[in-house]
Amino acid sequence: MKALEGVKILDFTHVQSGPTCTQLLAWLGADVIKVERPGEGDITRGQLRDIPDVDSLYFTMLNSNKRSITVDSKHAQGKEVLESLIQTCDVLVENFAPGALDRMGLTWERIQELNPRMVMASVKGFGPGPYEDCKVYENVAQCAGGSASTTGFDDGPPLVTGAQIGDSGTGLHLALGIVAALYQRNTTGRGQKVLAAMQDGVLNLCRVKLRDQQRLAHGPLREFPQFPDGEFGDAVPRAGNASGGGQPGWILKCKGWESDPNAYIYFITQAPVWKAICEVIGEPTWLTDPDYAKPAARLPRLKSIFARIEQWTMTKTKFEAMEELNRHDIPCGPILSMKEIAEDQSLRATGTVVEVDHPTRGKYLTVGNPIKMSDSATEVTRSPLLGEHTDEILRDVLRYDPDRIASIHQSGALGVKPRMAAE
Ligand code: COA
């Protein structure tokens, strides 16, 4: 049994933010029925393709464990199918541009008429306000949510981060809202609307920076690289690789850095292990020297302290440094490349990196469920081909008889029947 067994999700999502949310719900056991436009489907099926005419990794890695039905939502009979699905499902998830669902005739009022128990969950770029009608992609959200202005080095432009905090981050927020709404429905019997705006999701993940904005009013941010020599303006500056927490940290070179762009380690000068740090790097006098002995005294000297520690890390590979530092409980982390992560056997063993077989693509790697539950195991299965389950859903979920299915096909509302690779 899985945690969300019995929950039916009408998945009207596309691109990344929505699909991450519904993929997670599928891993938790929900039956996720992905509705796609006939012929083309989710636009990501064809984006960033590495193999011609085969669903892209962009699509396959965001749509595991789902079923696909193709329905033209603007066709009268397509709308009929959608309305039947709304009556049958527990949750509708969508991340269309603002107003698109209303233009399909699926207003919240109509959805409630069809199924008062339905939870309707949406990702939008912005919440109510001046930008609510805007279309938004990942990096727009990173910029509007405070991430870009606080990422990068002080002497460079704002930077976006590789972690998809706007899309996948918001998908996670939405999934939590959906699960909570389903729980509340157990008491009230009613569904509700759940909204996760990408700007809000990014800001939630950037809350330490809003913390720093308020600290700034009371003086310079002493753990930032701008302290003590640089200038602070009236907004939180970019902090380079400084830690966002109370324990100063930085990225340091390791052996091989001249040729390997990832031969680096993140090193944290955690106060309780300062003695061990001084001993490991060979600076025992720092333990008693008033310039180094206490955390506050170290703050204006962080640059030279990290430069000295780097002299030590440069004599070790990142893995050797990791091993030695961890022997002393000194928090640190190797900068792992995606190649190293893909090859990491311990991530394979836990199901965090999974190999999946696909009928037209063959084997590919995907990221499995990062949430591990003791009584709800995740088995990652491949993404569906476009419309692969159209007939199955009409027959088994909507209980349509063969004549009705044939007549809907004839109407053109479902597009052409998909073909498997072997056909
Ligand atoms: N049958 C018929 N039409 C369909 C359909 C189907 N099964 N599925 C979608 N469509 C139509 C929609 O009705 C819409 O038509 P309309 O504009 O005439 O009403 C159209 O497809 C396009 O939808 P839209 O969401 O506007 O796609 P887009 O490619 O122009 O914009 C985004 C993409 C991501 C910018 C936009 O969807 C968005 O801002 N979403 C919210 C924020 C978000 O999730 N962004 C992150 C994406 S990772």
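First things first, this report covers the structure right here in the doc. Since the structure is predicted, the reported quantities are computational estimates derived from the model, not experimental observations.

1. A look at the site of the ligand
Piece 1. In the vicinity of the ligand, 23 residues are found, and the nearest of them are R37, A97, R103, K135 and V136.
Piece 2. Take R37: an N or O atom from its side chain is 2.7 Å from an oxygen atom of the ligand.
Piece 3. With respect to the ligand, the side chain of R103 contributes an N or O atom lying 2.8 Å from an oxygen atom.
Piece 4. Counted by class, the shell around the ligand contains 10 nonpolar, six polar and seven charged residues.

2. Looking at the pattern of salt bridges
Piece 1. What the rule picks out here adds up to 26 salt bridges.
Piece 2. Note that R215 is salt-bridged to E223, the shortest N-O span being 2.9 Å.
Piece 3. Take E223: its relative accessible area is 13%, and that puts it in the buried class.
Piece 4. For E324, the salt bridge goes to K316, with nearest N and O atoms at 3.9 Å.
Piece 5. Several salt bridges converge on common partners, so that one network encompasses R211, D212, R215 and E223.

3. So, the nonpolar core
Piece 1. Grouped together as the largest cluster of nonpolar side chains are 34 residues, with contacts concentrated most on I9, L25, V91, V93, L174 and I178.
Piece 2. Setting aside its immediate chain neighbours within four residues, L25 contacts L4, I9, A30, A175, I178 and V179.
Piece 3. Core analysis: the second largest hydrophobic core is formed by 31 residues, I33, V35, C89 and L114 among them.

4. Here's the deal with the sheet that holds strand β2 (residues 31–36)
Sheet strands associate in pairs through backbone hydrogen bonding, adopting either a parallel or an antiparallel arrangement.
Piece 1. Overall, parallel pairing links the six strands, which are arranged β3-β2-β1-β4-β5-β6 in an open sheet. The open sheet has two free edges, formed respectively by β3 (66–70) and β6 (193–197), since each of these has just one partner strand. Sheet twist, expressed as the average angle between the axes of neighbouring strands with direction ignored, equals 20°.
Piece 2. In the sheet, strand β4 (residues 91–94) pairs with strand β5 (residues 119–124) via four bridges, with the strands oriented parallel. Bridge pairing in β5 links L92 to M120.
Piece 3. Running at roughly 165° to β6, helix α7 (residues 168–188) makes contact with β4, β5 and β6 of the sheet.

5. Let's talk about the sheet that holds strand β9 (residues 332–334)
Piece 1. Strand order in this open sheet of three strands is β7-β8-β9, and the pairing throughout is antiparallel. Edge positions in the sheet fall to β7 (249–253) and β9, since each of these pairs with one other strand and no more. Here the average twist between neighbouring strands, direction ignored, is 20°.
Piece 2. In this sheet, β9 lies alongside strand β8 (residues 264–268) in antiparallel orientation, the contact comprising three bridges. Counted as the bridge partner of Y266 is G333 from β9.
Piece 3. Against the sheet, helix α13 (residues 318–327) engages β8 and β9, with an angle of about 160° to β9.

6. Here we look at helix α8 (residues 198–205)
Piece 1. Burial in α8 covers these residues: M198, G201 and V202. Buried residues of α8 fall within an arc of 95° about the axis and therefore sit on the same side.
Piece 2. The secondary structure elements touched by the buried residues of α8 are β5, α6 (138–144), α7 and β6.

7. Examining the environment of T317
Piece 1. Among the secondary structure elements, T317 is positioned in the loop between α12 (302–313) and α13.
Piece 2. Residues T317 and D31 lie 286 residues apart in sequence; the distance between their C-alpha atoms is 46 Å.

What counts as what
- Residues numbered from 1 in each chain as written.
- Predicted model: local features only at pLDDT ≥ 70, side-chain atom pairs only at ≥ 80, totals over all residues.
- Heavy atoms only, no water.
- Near = heavy atom within 4 Å.
- Polar contact = N/O pair within 3.5 Å; in protein donor to acceptor, adjacent residues only side chain to side chain.
- Nonpolar A, V, L, I, M, F, W, Y, C, P; charged D, E, K, R; others polar.
- Salt bridge = Lys/Arg side-chain N within 4 Å of Asp/Glu carboxyl O.
- Buried < 20%, exposed > 50% of the residue type's maximum accessible area, 1.4 Å probe, protein only.
- Core = buried A, V, L, I, M, F, W, Y, C linked by side-chain atoms within 4.5 Å.
- Contact = heavy atoms within 4.5 Å.
- Pairing = 2+ DSSP bridges.
- Helix = DSSP H or I, 4+ residues; strand = E, 2+ residues; numbered from the N terminus.
- Axes fitted to C-alpha atoms, helices over the stretch in contact; angles between N-to-C directions.
- Arc of directions from axis to C-beta.

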